[in-house]
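What follows is each chain in one-letter form.
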Protein chains: 2
Amino acid sequence: MIPDHDGAFAPTTEDAPSSSGFLDDGKNTIGSQLAFRLREAIISGELQAGSKINLDKARKTFNVSLSPLREALARLISDGLVEFEDNRGYRVSSISLANLEEITNLREEFEIFALRESMRLGDVEWEGNVMRALHRLNRAERDAARPETLERWEELHREFHLTLISGCGKPILLHFCRLLLNLNDRYRRVFLTRTSGDRNVSQEHSEIAQGAVARDLDYSCDMLRQHIHRTGTNLRKHLATKGIL
Amino acid sequence: MIPDHDGAFAPTTEDAPSSSGFLDDGKNTIGSQLAFRLREAIISGELQAGSKINLDKARKTFNVSLSPLREALARLISDGLVEFEDNRGYRVSSISLANLEEITNLREEFEIFALRESMRLGDVEWEGNVMRALHRLNRAERDAARPETLERWEELHREFHLTLISGCGKPILLHFCRLLLNLNDRYRRVFLTRTSGDRNVSQEHSEIAQGAVARDLDYSCDMLRQHIHRTGTNLRKHLATKGIL
DNA sequence: ACTATCCAAATAATCGATTATCTGTCAAGG
DNA sequence: CCTTGACAGATAATCGATTATTTGGATAGT
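Please read all numbers here as calculations on a predicted model, not as lab measurements.

**Quick word on the sheet that holds strand S1 (residues 52-53) of chain A**
Residue and element names in this part refer to chain A.
Logical step 1: Pairing within the open sheet is antiparallel, and its 3 strands lie in the order S1-S3-S2. Two strands lie at the open edges of the sheet, namely S1 and strand S2 (82-85), each paired on one side alone.
Logical step 2: Of the pairings in the sheet, the one linking S2 to strand S3 (residues 89-92) comprises 4 bridges and is antiparallel in character. Each bridged residue has a counterpart across the sheet, and for Glu-83 the counterpart in S3 is Arg-91.

**Some points on the packing of helix H4 (residues 97-121) of chain A against helix H7 (residues 171-191) of chain B**
Logical step 1: At their nearest, the axes of H4 of chain A and H7 of chain B sit 8 Å apart, and the two run at 50 degrees to each other. One finds that H4 of chain A runs oblique with respect to H7 of chain B. On the side of H4 of chain A, the interface is formed by Asn-99, Glu-102, Ile-103, Leu-106 and Phe-110 of chain A, while H7 of chain B contributes Pro-171, Ile-172, Leu-173 and Phe-176 of chain B.
Logical step 2: In the contact of H4 of chain A with H7 of chain B, the residues fall into 7 nonpolar, 1 polar and 1 charged.

**Details of the protein's contact with DNA strand D**
Logical step 1: Of all residues adjacent to DNA strand D, which total 17 residues, the nearest are Lys-52 and Arg-70 of chain A together with Ile-30, Ser-65 and Arg-88 of chain B.
Logical step 2: A share of 86% is what sugar and phosphate atoms reach among the atoms of DNA strand D within 4 Å of the protein.
Logical step 3: The backbone of Ser-65 of chain B places a nitrogen or oxygen atom 2.9 Å from a phosphate oxygen of DNA strand D.
Logical step 4: At 3.2 Å, a side-chain N or O of Ser-67 of chain B approaches a base nitrogen of DNA strand D.
Logical step 5: For the surface near DNA strand D, the secondary structure elements donating two or more residues are S1 of chain A together with helix H1 (30-43) and helix H3 (66-78) of chain B.

**Side note on unusual backbone geometry**
Negative phi characterises most residues that are not glycine, and trans characterises most peptide bonds.
Logical step 1: Unusually for a residue other than glycine, Asn-87 of chain A sits at a positive phi of about 65 degrees.
Logical step 2: The residue Asn-87 of chain A is located in the loop between S2 and S3 in this model.
Logical step 3: Given a relative accessible area of 66%, Asn-87 of chain A falls into the exposed group.
Logical step 4: Unlike most non-glycine residues, Asn-63 of chain B shows phi in positive territory, near 60 degrees.

**Points about the protein's contact with DNA strand C**
Logical step 1: The full set close to DNA strand C counts 16 residues, and Ile-30, Ser-67 and Arg-88 of chain A together with Lys-52 and Arg-70 of chain B are the nearest of them.
Logical step 2: One of the side-chain N or O atoms of Asn-87 of chain A is found 3.3 Å from a sugar or linking oxygen in DNA strand C.

**Side note on the relation of the copies chain A and chain B**
Logical step 1: When chain A is fitted to chain B, the best match, at an RMSD of 0.0 Å, comes from turning it 180 degrees and sliding it 0.0 Å along the axis. On this basis, the relationship between the two copies can be described by a two-fold rotation axis. Considering only C-alpha atoms, the residue of chain A closest to the rotation axis is Ser-78 of chain A, which sits at 2.5 Å.
Logical step 2: Here 100% of the interface residues in chain A have copies in chain B that are interface residues too; the copies meet face to matching face.

Conventions and cut-offs
- Residues numbered from 1 in each chain as written.
- Chains lettered and ligands numbered in written order.
- Predicted model: local features only at pLDDT ≥ 70, side-chain atom pairs only at ≥ 80, totals over all residues.
- Heavy atoms only, no water.
- Pairing = 2+ DSSP bridges.
- Helix = DSSP H or I, 4+ residues; strand = E, 2+ residues; numbered from the N terminus.
- Axes fitted to C-alpha atoms, helices over the stretch in contact; angles between N-to-C directions.
- Parallel < 35°, antiparallel > 145°, perpendicular 65-115°, else oblique.
- Contact = heavy atoms within 4.5 Å.
- Nonpolar A, V, L, I, M, F, W, Y, C, P; charged D, E, K, R; others polar.
- Near = heavy atom within 4 Å.
- Polar contact = N/O pair within 3.5 Å; in protein donor to acceptor, adjacent residues only side chain to side chain.
- Buried < 20%, exposed > 50% of the residue type's maximum accessible area, 1.4 Å probe, protein only.
- Least-squares fit on C-alpha atoms with pLDDT ≥ 70 in both.

Next up, the structure:
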């Protein structure tokens, strides 16, 4: 469950990372659903990075009133996907090489820290969740020609990484990692629709997960670091190539 | 300037940490001013941790309409000071021993990381800002009997810590540190109105700052770690004593 | 007594209209 | 020409009223 807007850094009430992470369970307010839709629109690149968000147009596009629209945008600000300035309105956060590099760098720092803590503190429950998330991810197909598989894969991928560090017992840290993962996903969704040829991502995930449940701290952390680093490097290349900077 | 709501993780436009960090420059929208007032009310303890925020009452108390009130609360959610649940409304984030410990722990990790980066990358401008912030802080008085001096000291103290790490060139990291500092300040404001007898906080700050501009990485980082750690320990004691947990 | 169901008051969410602010354009003055 | 100021259109912010949801308490059934 990504949104994480049930409360700020709530002490992680979730029993097990709900598989149906992103389900729009119909039970929410318009504001929540809208936040969900907008988030997807931004992460998928449908709403271009850096572009201004005209409230009137958005209101009409999504068929909602201003109140829930602002509500939704406020949440995306917390997520770092939208920026805001008094009397100037909202705009989709820009992407840049520097931003990508920072995200990658911070992910390395924070996720490794959180993984280490998880291995130190995680219980059997956590181990089980990790193995499940791994299995589900590795079973999911990822066909660039079929967007719905990409979306599904992204969801499971994020779920995997979050589950991996979910045993750390640090809600705020988890919150930060979730944000970074979110930000990172946007770059991947926009620039990478397939895995680069020289990588076997499934295997990378397996190595990390197995090292984690075996409590092989150094090995698992090292694998994770490399994993994040490689993704960063690939993204950097693609960003430079398609280079809209 | 703390609020940091000019945009998500904006590439730090600020030339120098504006001394007038918190000035309510009158030029903002009602929502912004309200966010400012509410933040102060929460950090100062005026709004009790864990308490529910009744929109109607708040609306009347602050003499505003619902829209700006929700706007303001949305910002405090980003700050981690307020929690929210669909159809259930808002409440002031709770405090707890675990929460305090996490904040302290993460501050140690992140601020040290950011300080190290600042020392690696910071320019003369940064050095100057650090020395200025230090001077201003050490000159400020802090009299438990006069709340306005406490408030002022807190502002300068936050400013000092932020300036110290402002050279790191990592806007997102800075954003996270700012949040943690904010959260931490609430504990101090509520539980510590004076420095514990066995500490010379001014000297601690001086040591950190001087080590920083001298680029003595290990020394400065170590001093900062101890500084944060001591504060955490003190707060923990007071929390246990006045223990409303 | 205990639980379940329904109702009413309290509270949150949303809407449409109004007010305030900003932005770009054009004219007058230098 | 360039700058300055004023205007108009576009856009954001706010408000008051309406609608939807939740909560707590009363009632009926076991």
